[in-house]
Amino acid sequence: MATSAATITAPGKLPEAKPIDGFLAISIVAVLAVCVRAIWFTPVDAMLGAAQKIFYVHVPSAIAGLYVACGLLAVSSILYLWLKDERLDRLAEASAEVGLLFMGIVLVTGPIWARTSWGTWWVWEARITSTLFLWLLVLGYLVLRGAVESPENRARLSAVMGSLAALLVPFIHLTVKLFRGMHPGPVVLKPEKPSLPPEMLTTFLMAIVAFMLLFFALLRVRMRWAALRDARTAMEAA
Amino acid sequence: MSGGAPKPAVLAPAFLADALRIARKDLLIEFRTRSAFMAATVFAVLSVVIFRFTWDPTAIPAFDLAPGVLWVIFTFSGLLGLNRSFGLELSDRAYDGLLASQVSRESIFVGKVLANLAFVSGVQALALPAVALFFDLHVGSAWGVLIGIVLCASLGLAAVGTLFAAIASNTRLAELLLPMMTLPFFVPLVIPAAQTSAYILRGQPLEDAMPWFKLLLAFDLVFVTACIVVFPYTIEE
C-alpha cells in the first residue's frame with residue numbers, strides 16, 4: 001500500500017512493472033498446499049463423505065469475501081466521504097472486486113456441496129440468500145464505478161453507495177433470517193468447543209490463513225493496478 | 001426562502017417550506033405533462049393483467065399471489081417515476097440553478113422525496129384497486145391498515161430511490177443503472193411489505209405481522225435519515 005502512494009507522488013513517471021509478484025506467488029503456493037493437505041492428508045468425514053472437503057475452500061472464501069472484503073469496502077467508503085483520500089477509494093474498489101471473486105467462489109462451491117449433502121442445488125435459506133444479495137449489491141457497486149467517467153465523481157458517488165450498503169447488510173440479514181434456515185451454524189467459533197476433530201481443525205485453520213494470504217495478495221495487486229491507472233490518467237490530463 | 005432571512009435554511013419551517021416548494025415544482029411539471037404518471041399507471045395495470053394470466057388460479061389462491069404481484073408492480077412502476085426525478089433537472093442545466101439558489105441541499109432532497117412519494121402513491125392509488133378487482137380480493141375493513149403499510153413502504157422506496165436517482169443522473173447509463181443499484185436496497189423493504197400485506201389479506205390482524213412491520217419501520221427510519229445525510233455528497237462541489 002505504501003508503494004501505491006509512492007506512484008502518485010512522482011508525477012510524469014510511471015513505476016516499472018514487476019514480472020512476478022512475490023506475495024501473490026507465495027499465497028498461491030499456500031492455497032495449493034492446503035488443497036493437497038485437505039484432499040490427501042485429512043481424514044474423510046464419516047457422515048458427509050468426500051464432499052465435505054469443499055468445506056476447506058467454501059468457509060475460508062466466505063470469511064475473506066463476506067466479512068473481510070465487505071467490511072473493508074464499507075469502512076473505506078465511509079472514511080472516503082470523511083477524509084477524501086484517493087487511496088481509500090482504491091482500497092474500496094479493490095476490496096469490492098476481489099470480494100466479488102471470493103463471494104463467487106462461495107456461491108459456486110455452496111450449491112455443489114448442497115447437492116451432495118442436502119440433495120438439492122439451491123435452497124432459499126437465510127445465509128445463502130444474504131450472500132446472493134450481497135454479491136448482487138457489490139456487482140451493482142462495480143457497475144456504478146464503471147459508469148462514471150471522472151475519477152473524483154466516481155470515488156464520491158461510489159463511496160455514497162458503499163456507505164449505504166454498509167447500513168443495508170444488517171437489514172438484508174434480518175429480512176432473510178425471518179424465513180427459517182437450514183444452513184449449519186458455526187462449527188469452529190462456538191462458545192463451548194470446536195466440533196471439528198483436531199486434524200480437520202488444523203487443515204481448516206491453515207486454509208483460512210492461505211485464503212487470507214491470497215485475498216490480501218490480490219487486493220495489493222489490484223490496488224497497485226488502480227494506482228497505476230490513476231497515475232496514467234493524471235499524466236494524460238497534465 | 002421566507003422573507004429573505006440572512007440565516008441559512010436550517011430552521012425547520014424554512015427547511016420544510018423550501019422542500020415543499022421543490023416538491024410542488026416537480027409535481028407541477030408532472031401534472032402539466034403527465035408523461036411519467038401515465039406510463040407508470042399503464043405499466044402497473046398491464047402488469048396486474050399479465051400476472052393474472054401467468055398463474056393457474058385453481059392452484060394458488062389469489063390472496064397468496066396478490067401481495068407478491070402488488071409489490072413487484074409497485075417497485076417497478078416506482079422506478080419509472082424515479083428515473084425522471086433528476087432527469088428533468090438535467091435539461092438546460094436546471095440542476096445548477098437549483099444548487100446555486102439559497103435552498104439547502106437537504107431541502108432539495110426532501111422536496112424530491114416528497115414529490116416522488118406523491119408520484120408513487122398516485123400510481124398505487126390506481127394499482128391497488130386494480131389488483132383487488134382483478135384478483136378478487138376481499139379486503140373489507142382492512143383497507144386502512146393496508147394503505148398504511150403501502151405508505152410506510154413507499155416512504156422508504158421514495159427516499160432510497162431518490163438518492164440513487166441523483167447518483168444515476170451523474171452516470172452514462174442512468175436508466176439502466178438505477179434498477180441495478182436500487183433493487184438490492186429494496187429487498188428489506190419489499191419483502192417485509194409483501195409479508196405484512198399477505199397477513200392482512202389473509203384476514204389476520206396486524207399484530208401477527210409485527211416482526212415484519214417493525215422491520216419496515218426500522219428501514220424507513222434508518223434509510224430516510226441516512227439518505228438525507230449522504231445526499232449532499234452526490235453533488236459535485
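Residues numbered from 1 in each chain as written. Chains lettered and ligands numbered in written order. Predicted model: local features only at pLDDT ≥ 70, side-chain atom pairs only at ≥ 80, totals over all residues. Heavy atoms only, no water.

Chemist: How should the overall build of chain A be read in this particular structure?
Modeler: Each helix and strand in chain A was counted, giving seven helices and zero strands. In chain A, the succession of α and β elements from N to C terminus is α-α-α-α-α-α-α. By the burial criterion, 47% of the 238 residues in chain A qualify as buried. By sequence separation, contacts in chain A at least 24 residues apart represent 80% of the contacts at least 6 residues apart. (Helix = DSSP H or I, 4+ residues; strand = E, 2+ residues; numbered from the N terminus. Buried < 20%, exposed > 50% of the residue type's maximum accessible area, 1.4 Å probe, protein only. Contact = heavy atoms within 4.5 Å.)

Chemist: Explanation requested: the overall build of chain B in the structure shown.
Modeler: Within chain B, the regular secondary structure consists of eight helices and zero strands. Across chain B, helices and strands are ordered from the amino to the carboxyl terminus as α-α-α-α-α-α-α-α. Whereas a compact globule of 237 residues would reach a radius of gyration of roughly 18 Å, chain B reaches 19 Å, a difference of no more than 12%. Counting only C-alpha atoms and orienting by the principal axes, one finds that chain B spans roughly 65 × 35 × 30 Å. Expressed as a percentage of its 237 residues, the buried residues of chain B come to 50%. Contacts in chain B between residues at least 24 apart in sequence constitute 80% of all its contacts with a sequence separation of at least 6. Carbon and sulfur atoms make up 69% of the accessible area of chain B, which amounts to about 10,800 Å² in all. Chain B carries 14 positive and 16 negative side-chain charges, and their two centres are separated by 7 Å. (Rg over C-alpha atoms; globule rule 2.2 N^0.38 Å. Areas by Shrake-Rupley, 256 points an atom, 1.4 Å probe, with all protein chains shown as cover. Lys, Arg positive; Asp, Glu negative; His and termini not counted. Charge placed at Lys NZ, Arg CZ, Asp CG, Glu CD.)

Chemist: Is there a simple way to explain the interface of chain A and chain B in this structure?
Modeler: Where interface size is quoted, it is often the accessible area lost as the parts come together. Every contact between the two is made by 28 residues of chain A and, on the other side, 31 residues of chain B. Of the roughly 2,700 Å² buried between chain A and chain B, counting both surfaces, carbon and sulfur atoms make up 82%. Of all residues in chain A, Leu164, Phe171 and Thr175 of chain A give up the largest surface area on contact with chain B, accounting jointly for 22% of the area buried on that side. Where chain A meets chain B, there are one salt bridge. A salt bridge links arginine 172 of chain B to glutamate 149 of chain A, with the nearest nitrogen and oxygen atoms 2.8 Å apart. Where chain A packs against chain B, one counts five residue pairs in polar contact (both at pLDDT 80 or more). Going through the elements one at a time, helix H5 (126–147) and helix H6 (151–177) of chain A are the ones with two or more residues in the side of chain A that touches chain B. Considering each element in turn, the side of chain A that touches chain B owes the most residues, 14 residues, to H6 of chain A. Considering only residue class, the side of chain A that touches chain B consists of 20 nonpolar, four polar and four charged. (Buried area = accessible area lost by both parts, 1.4 Å probe. Salt bridge = Lys/Arg side-chain N within 4 Å of Asp/Glu carboxyl O. Polar contact = N/O pair within 3.5 Å; in protein donor to acceptor, adjacent residues only side chain to side chain. Nonpolar A, V, L, I, M, F, W, Y, C, P; charged D, E, K, R; others polar.)

Chemist: Can you walk me through the packing of aromatic side chains in this structure?
Modeler: In this description, a pair of aromatic rings is defined by centroid distance and the angle of the planes. Here the structure, examined in full by the defined rule, presents 17 aromatic pairs over all chains. Consider the rings of phenylalanine 86 of chain B and phenylalanine 231 of chain B, whose centres lie 6.2 Å apart with planes at 40°: the pair is tilted. With phenylalanine 86 of chain B in helix H3 (residues 62–90) and phenylalanine 231 of chain B in the segment after helix H8 (210–230), this residue pair connects regions lying 145 residues apart in the sequence. Across the pair, exposure class does not vary: phenylalanine 86 of chain B and phenylalanine 231 of chain B are buried alike. The rings of Phe171 of chain A together with Phe164, Phe185, Phe219 and Phe223 of chain B are connected pair by pair, giving a single aromatic cluster. We note arginine 34 of chain B situated over the ring of phenylalanine 31 of chain B; from NZ or CZ to the ring centre the distance is 4.7 Å. (Phe/Tyr/Trp six-rings, centres within 6.5 Å; stacked < 30°, edge-to-face > 60°. Lys NZ or Arg CZ within 6 Å of the ring centre and 35° of its normal.)

Chemist: Looking at this structure, I do not really get a nonpolar patch on the surface. What am I missing?
Modeler: All names here are of chain B. On the surface, a cluster of nonpolar side chains totalling about 490 Å² of accessible area is made up of Val45, Val49, Phe53, Leu133 and Phe134. If you tally residues by element for the nonpolar patch, the top one is helix H2 (residues 35–54), at three residues. Relative to the helices and strands, valine 45 is located in helix H2. Judged by relative accessible area, valine 45 falls into the partly exposed class, the value being 31%. (Patch = residues over 30% accessible without salt bridge, like charges linked within 9 Å, V, L, I, M, F, W, Y side chains within 5 Å.)

Chemist: Could you clarify how one ought to interpret unusual backbone geometry in this entry?
Modeler: A negative phi angle is the norm for most residues apart from glycine, just as the trans form is the norm for most peptide bonds. The phi dihedral of lysine 84 of chain A falls on the positive side, at around 55°, and the residue is not glycine. Lysine 84 of chain A gets classed as partly exposed once you look at its relative accessible area, which sits at 41%. The backbone phi angle of arginine 93 of chain B is positive, close to 50°, even though this residue is not glycine. Classification of arginine 93 of chain B as exposed rests on a relative accessible area of 62%.

Chemist: Would you explain the side chain of serine 61 of chain A in this entry?
Modeler: Residue and element names in this part refer to chain A. You can see serine 61 is positioned in helix H3 (residues 55–83). In this structure the side chain of serine 61 is engaged in a polar contact, spanning 2.6 Å, whose partner is the backbone oxygen of valine 57. Apart from residues no more than four positions distant in its own chain, serine 61 is found in contact with Leu66, Phe102, Ile105, Val106 and Phe211.

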